[in-house]
Amino acid sequence: MNIERRDSAGAVVVGLDGRLTAAVAPLLRAEVSDLVAAGRTRVVVDLAGVDFIDSSGLGALIGALKATRVAGGDLRIAAAGEQVRQVLRLTNLDRVLQVYPDADGAFDGV
Amino acid sequence: MTTAPLADFDDAARQRAIEELGILDTPRDERIDRVTRLAQEMFGVPMVSVTLLDRERQWRKSEIGLGGREAPREDAFCDFTVREGRTVVIPDASADELWAANPFVEGDPHLRFYAGHPLLAGGGERIGTLCLLDTKPRSLDEREQELLRELAGWVQSEILRQNELDDAVAVQATLRPRTVPELPGYEIAALTVAAGQMSGDLYDWYAIGGGVRFTLADVMGKGLGAALLAAGLRASLRTLPDREVLDAVREADRLLDADVAELGTFVTAFHGHLDAGTGSLDYVDAGHSLGFILRADDTWDHLVSTGMPLGMGLPELRAQAHAQLGPGDVFMVCSDGLLDVLDPEDPFGQVRRALREGGVRGALDEAGRLARGATATDDLTVMVVARESVAAQERTT
């Protein structure tokens with residue numbers, strides 16, 4: 001799994017690909033924690049390249065969400081595929097992690 | 001006889017310690033074999049052994065080049081090292097007056113070089129050695145001796161860690177229900193299979209006030225850490241056994257939030273109360289979404305999940321939901337490990353056939369076979385509560 005970081009209007013986009021599982025979860029958490037420490041508290045996680053997420057991956061997303069909110073920002077997810085959406089729906093976590101269609105538009109109008 | 005007992009060695013303590021570890025005559029362990037392979041590679045010797053001492057024999061948990069796992073203890077180098085309690089290096093046994101006449105030196109396998117370091121049990125008892133052997137003389141400089149001690153320490157911690165884990169597995173087993181509540185007109189059963197040795201799945205039940213209170217929960221991740229959280233959750237949900245299921249879940253959530261907020265972990269759970277007389281089922285589903293009822297007419301109802309998982313550290317209004325279990329209905333809740341082993345084309349059909357053809361017990365047996373047959377990557381737990389059909393009730397009355 002690669003983690004890519006790029007700037008977008010008013011936010012940082014963290015792009016992932018492959019499987020978001022226990023092996024990758026700590027990397028994502030560390031990445032977002034670095035961003036928050038650097039004052040970048042608006043984060044979009046671009047899931048366009050992620051074809052599978054498990055509970056550890058969800059845990060990393062939630063951990064990252066909390067880290068940004070504690071620092072006064074927010075974390076949003078974009079372009080999630082069907083499996084990711086299904087897991088979010090089943091766990092009711094879609095209520096805190098809404099999926100935005102496009103990473104660059106996730107913070108529009110904020 | 002060159003290895004007369006030294007006065008300060010307590011052989012009875014050694015025997016107690018090795019028996020308590022329960023390691024003698026167990027299968028090979030890859031984690032320890034890895035260290036012996038590494039030792040052979042690092043020292044370039046033909047023989048390496050993790051030797052443990054029993055009453056009259058030495059038994060090898062791991063060995064390379066020795067061709068057997070057992071040998072007499074009498075006259076053994078390792079017995080000497082254990083008694084001495086220090087690193088023993090014998091560069092050339094045939095030139096050493098203490099060892100030249102030793103049967104392992106004079107006779108087969110004609111050992112010349114020996115180096116060993118003692119292994120200690122949890123209470124400091126010396127129970128065996130990690131040792132290097134060669135049929136050619138050689139030396140071991142101070143740096144190499146230090147390396148041997150490091151590797152012995154590694155073997156020792158692997159042995160003790162396995163022992164702790166075995167204890168933990170036994171404790172977790174005792175925390176599972178050992179009896180099934182007597183509920184006239186109902187059949188209740190569960191199955192759980194861990195992916196590794198410890199499970200992050202939890203199931204529990206107890207009879208209360210003419211009904212049964214039950215829980216199925218899945219802690220994120222698996223293994224020892226998840227199992228610790230599962231045990232804590234079980235205790236929390238069991239506190240004040242007759243309170244509303246909603247109150248129990250709210251309190252468990254609050255405790256988990258306080259405990260695990262920093263870990264980025266969470267728990268999905270189904271916690272419910274079934275009233276036996278009416279078949280009324282009150283439940284709280286915390287992000288679990290894997291509760292179902294197979295109706296008497298073979299249709300499925302999915303019990304809607306009403307909340308986010310526990311321990312999220314996010315504000316959450318929880319709600320209790322309700323379902324009705326009629327005669328001939330079967331309630332089932334599982335962890336997502338079951339989904340991994342079911343036929344992805346028709347999971348509901350597969351479960352329905354298993355329940356209708358094999359009954360509750362037969363269906364769980366089949367789930368167990370599937371779980372153990374697959375290369376399980378997740379813990380798997382299933383709980384089933386079946387209400388007798390009207391016909392069955394009439395037969396028994």
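In this text the structure is predicted, and so the values were computed from the model without any measurement.

Q: Give me the lowdown on the overall build of chain B, citing residues and values where you can.
A: When helices and strands are tallied, chain B shows ten helices and 16 strands. For a compact globule of 397 residues, the expected C-alpha radius of gyration is about 21 Å, and chain B comes in at 29 Å, more than 25% above that figure. Counting only C-alpha atoms and orienting by the principal axes, one finds that chain B spans roughly 85 × 45 × 40 Å. Counting the 397 residues in chain B, one finds 41% classified as buried. Across chain B, contacts joining residues at least 24 apart in sequence account for 65% of those joining residues at least 6 apart.

Q: Describe the nonpolar core, with residues and values.
A: Formed by 101 residues in total, the largest nonpolar core has its most connected members in A:V43, A:V44, A:V45, A:A64, B:L233, B:V267 and B:V382. Ranked by the residues each element gives to this core, the list is headed by helix α2 (residues 55-70) of chain A, at seven residues. Of all hydrophobic cores here, the second largest spans 37 residues; its members include B:M47, B:L52, B:I127 and B:C131.

Q: Describe the sheet that holds strand β11 (residues 280-286) of chain B, with residues and values.
A: All names here are of chain B. An order of β8-β9-β10-β11-β14 is seen for the five strands of this open sheet, with the pairing classed as antiparallel. Each edge of the sheet is formed by a strand with only one pairing partner; in this case those strands are β8 (201-208) and β14 (321-324). Neighbouring strand axes in the sheet, compared pairwise and without regard to direction, differ in orientation by 20° on average. With eight bridges connecting them, β8 and strand β9 (residues 211-219) associate as antiparallel partners. Bridge pairing in β9 links L202 to A217.

Q: Any details on the pairing of strand β2 (residues 57-64) of chain B? Residues and values, ideally.
A: Residue and element names in this part refer to chain B. Taking burial as the measure, the eight residues of β2 include six buried ones, the bulk of the element. Examined bridge by bridge, strand β1 (residues 47-53) and β2 share six bridges and lie antiparallel to one another. Bridged to T51 within β2 is R60. Two successive antiparallel strands, β1 and β2, enclose a turn made up of three residues. As defined by bridge partners, β2 adjoins strand β3 (residues 70-72) across three bridges and the pair is classed as antiparallel. Its bridge partner lying in β3, W59 is registered against E70.

Q: I'd like a description of helix α2 (residues 30-43) of chain B, backed by residues and values.
A: Residues spaced three or four apart along an α-helix point in a common direction, a consequence of the helix completing one turn every 3.6 residues. With 14 residues, α2(B) extends 20 Å between its outermost C-alpha atoms, agreeing within 8% with the 20 Å of an ideal straight helix rising 1.5 Å per residue. Looking one or two residues beyond α2(B), the residue adopting positive phi is B:G44, at roughly 60°.

Q: Tell me about the interface of chain A and chain B, and please be specific about residues and values.
A: Facing 15 residues of chain A, the contacting portion of chain B comprises 15 residues. Examining the composition of the side of chain A that touches chain B, we find that seven residues originate from one element, α2(A), more than from any other. Taken together, the residues that form the side of chain A that touches chain B break down as six nonpolar, six polar and three charged.

Q: Give me the domain arrangement of chain B: which residues, what numbers.
A: Under the domain assignment, chain B is made up of domain 1 (11-170) and domain 2 (177-396). The gap between the C-alpha centroids of domain 1 of chain B and domain 2 of chain B is 48 Å.

Q: Any chance you could break down the packing of helix α6 (residues 224-238) of chain B against helix α7 (residues 245-260) of chain B for me, citing the residues and the numbers?
A: All names here are of chain B. Packing of α6 against α7 brings their axes to within 9 Å, and their N-to-C directions diverge by 145°. When you trace α6 past α7, the crossing you get is right-handed. Of the residues in α7, those touching α6 at L229, L233, S236 and L237 are A248, E251, A252, L255, L256 and V260. Split by residue class, the contact of α6 with α7 holds eight nonpolar, one polar and one charged.

Q: How would you sum up the sheet that holds strand β2 (residues 11-20) of chain A? Please name residues and give values.
A: Residues and elements named next belong to chain A. On the basis of which strands lie adjacent, the open sheet formed by five strands has the order β1-β2-β3-β4-β5 and mixed pairing. Only two strands of the sheet have a single neighbouring strand rather than two, namely β1 (3-8) and β5 (99-100). Looking at chain direction, strand β3 (residues 42-53) and strand β4 (residues 74-78) are connected through five bridges and run parallel. Within the sheet, the bridge partner assigned to D46 lies in β4 and is A78. Packing against the sheet, α2 makes contact with β2, β3 and β4, and its axis sits at approximately 140° to β4. Of the strands in this sheet, β3 and β5 touch helix α3 (residues 82-90), which is tilted by about 110° from β3.

Q: Provide a residue-level description of α7(B), including the pertinent values.
A: All names here are of chain B. Between the first and last C-alpha of α7 there are 22 Å, a value that for 16 residues agrees with the 22 Å anticipated at 1.5 Å per step. Turning to α7, its buried residues number three or more, namely V245, A248, V249, A252, D253, L256 and V260. Looking straight down α7, one finds that the buried residues subtend no more than 135° of arc, so they occupy a single side. Buried residues in α7 make contact with α6, β10 (267-275) and β11.

What counts as what
Residues numbered from 1 in each chain as written. Chains lettered and ligands numbered in written order. Predicted model: local features only at pLDDT ≥ 70, side-chain atom pairs only at ≥ 80, totals over all residues. Helix = DSSP H or I, 4+ residues; strand = E, 2+ residues; numbered from the N terminus. Rg over C-alpha atoms; globule rule 2.2 N^0.38 Å. Buried ≥ 20, exposed ≤ 12 C-beta atoms within 10 Å, placed from the backbone. Contact = placed C-beta atoms within 7 Å. Core = buried A, V, L, I, M, F, W, Y, C linked by C-beta atoms within 7 Å. Pairing = 2+ DSSP bridges. Axes fitted to C-alpha atoms, helices over the stretch in contact; angles between N-to-C directions. Expected span 1.5 Å × (residues − 1). Nonpolar A, V, L, I, M, F, W, Y, C, P; charged D, E, K, R; others polar. Domains from an automatic or database assignment. Left-handed = near helix turned anticlockwise from the far one by under 90°. Arc of directions from axis to C-beta.

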